[in-house]
Amino acid sequence: MIALGILIATIASFIASAVLYAIPPVSRLVTRTSTPRPGIPVALQMLSVVARSLLASFLIAGLMTAAGWHGPAAGALLGLALSVLPLILLFGGVVHESTAVPTAGIHLLDWIIKLTLIGILVGLFV
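Here is what the cut-offs are and how they apply
Residues numbered from 1 in each chain as written. Predicted model: local features only at pLDDT ≥ 70, side-chain atom pairs only at ≥ 80, totals over all residues. Heavy atoms only, no water. Patch = residues over 30% accessible without salt bridge, like charges linked within 9 Å, V, L, I, M, F, W, Y side chains within 5 Å. Areas by Shrake-Rupley, 256 points an atom, 1.4 Å probe, with all protein chains shown as cover. Salt bridge = Lys/Arg side-chain N within 4 Å of Asp/Glu carboxyl O. Helix = DSSP H or I, 4+ residues; strand = E, 2+ residues; numbered from the N terminus. Core = buried A, V, L, I, M, F, W, Y, C linked by side-chain atoms within 4.5 Å. Buried < 20%, exposed > 50% of the residue type's maximum accessible area, 1.4 Å probe, protein only. Contact = heavy atoms within 4.5 Å. Phe/Tyr/Trp six-rings, centres within 6.5 Å; stacked < 30°, edge-to-face > 60°. Lys NZ or Arg CZ within 6 Å of the ring centre and 35° of its normal. Axes fitted to C-alpha atoms, helices over the stretch in contact; angles between N-to-C directions. Parallel < 35°, antiparallel > 145°, perpendicular 65-115°, else oblique. Left-handed = near helix turned anticlockwise from the far one by under 90°. Nonpolar A, V, L, I, M, F, W, Y, C, P; charged D, E, K, R; others polar.

*Asks:* In this structure, what is going on with a nonpolar patch on the surface? I would like to understand it.
*Replies:* Together, Met1, Leu4, Leu7, Ile8, Ile11, Ile15 and Val19 give the surface a local cluster of nonpolar side chains, amounting to about 670 Å² of exposed area. Residue placement: leucine 4 occurs in helix H1 (residues 2–22).

Okay, structure coming up:
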């Protein structure tokens, strides 16, 4: 059952991310302030989003299982707590790599949504 939860959470996370970045003001901001990496096809970039969502789903499922936590509420809280990790990384990008603060904020929002959603969905199966 956990494997099904991981699969559903991975797909839902990818869709939620796609919806966020498709919102016109968000899309304009990210396009204006980000430098795309040349030579990486869009399909490969999308596959990397799926892979990161899959890894996050496995992480949350593993942590919930190891801790004996069950249910969507525990999953949501775990996902929200894990949002500190992208915050730390994005803060470093702002300070050390001149990442625009609004862009870092969008990426952080994306991770907060994804990790919380993954936690809820995985929690339904743990």
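Structure's up, so let's keep going.
*Asks:* What is the right way to read the nonpolar core from this model?
*Replies:* Of all hydrophobic cores here, the largest spans 14 residues; its most connected members are Ile60, Met64, Leu115, Ile118 and Val122. When residues of this core are assigned to their parent elements, the largest contribution, five residues, is made by helix H6 (residues 101–123). If near-sequence neighbours (up to four positions away) are discounted, isoleucine 118 is found in contact with Ala9, Ser13, Ser53, Ala56, Ser57, Ile60 and Gly123. Core analysis: the second largest hydrophobic core is formed by five residues, Leu20, Val26, Val30 and Ile106 among them.

*Asks:* Explain the pattern of salt bridges to me, please; I cannot follow it from the model alone.
*Replies:* Side-chain pairs of opposite charge can arise whenever the charged atoms involved come near each other. Per the counting criterion, the structure on display carries one salt bridge. For aspartate 110, the salt bridge is made with lysine 114, and the minimal N-O distance between the two is 3.2 Å. In this pair, aspartate 110 and lysine 114 are both assigned in helix H6, four residues apart and thus about one turn of the helix distant. According to the relative accessible area criterion, aspartate 110 is buried, its value standing at 5%.

*Asks:* How do you make sense of the packing of aromatic side chains when you look at a structure like this?
*Replies:* The relation between two aromatic rings is expressed through the spacing of the ring centres and the mutual angle of the planes. This model, assessed by the stated rule, comprises zero aromatic pairs. If you follow lysine 114 out to its NZ or CZ, it ends over the ring of tryptophan 111, 4.1 Å from the centre.

*Asks:* How should I be thinking about the packing of helix H4 (residues 72–82) against H6 in this particular structure?
*Replies:* Packed helices, taken two at a time, are described by the angle between their axes plus the distance between the axes. Between H4 and H6, the shortest axis-to-axis distance is 7 Å and the interhelical angle comes to 155 degrees. Judged by the inter-axis angle, H4 sits roughly antiparallel to H6. Note on packing geometry: the crossing formed by H4 with H6 is right-handed. When H4 is examined against H6, the residues Pro72, Gly75, Ala76, Gly79, Leu80 and Leu82 are found in contact with a partner set consisting of Ile112, Leu115, Thr116, Gly119, Ile120 and Gly123. Residue composition of the contact of H4 with H6, by class: seven nonpolar, five polar and no charged.

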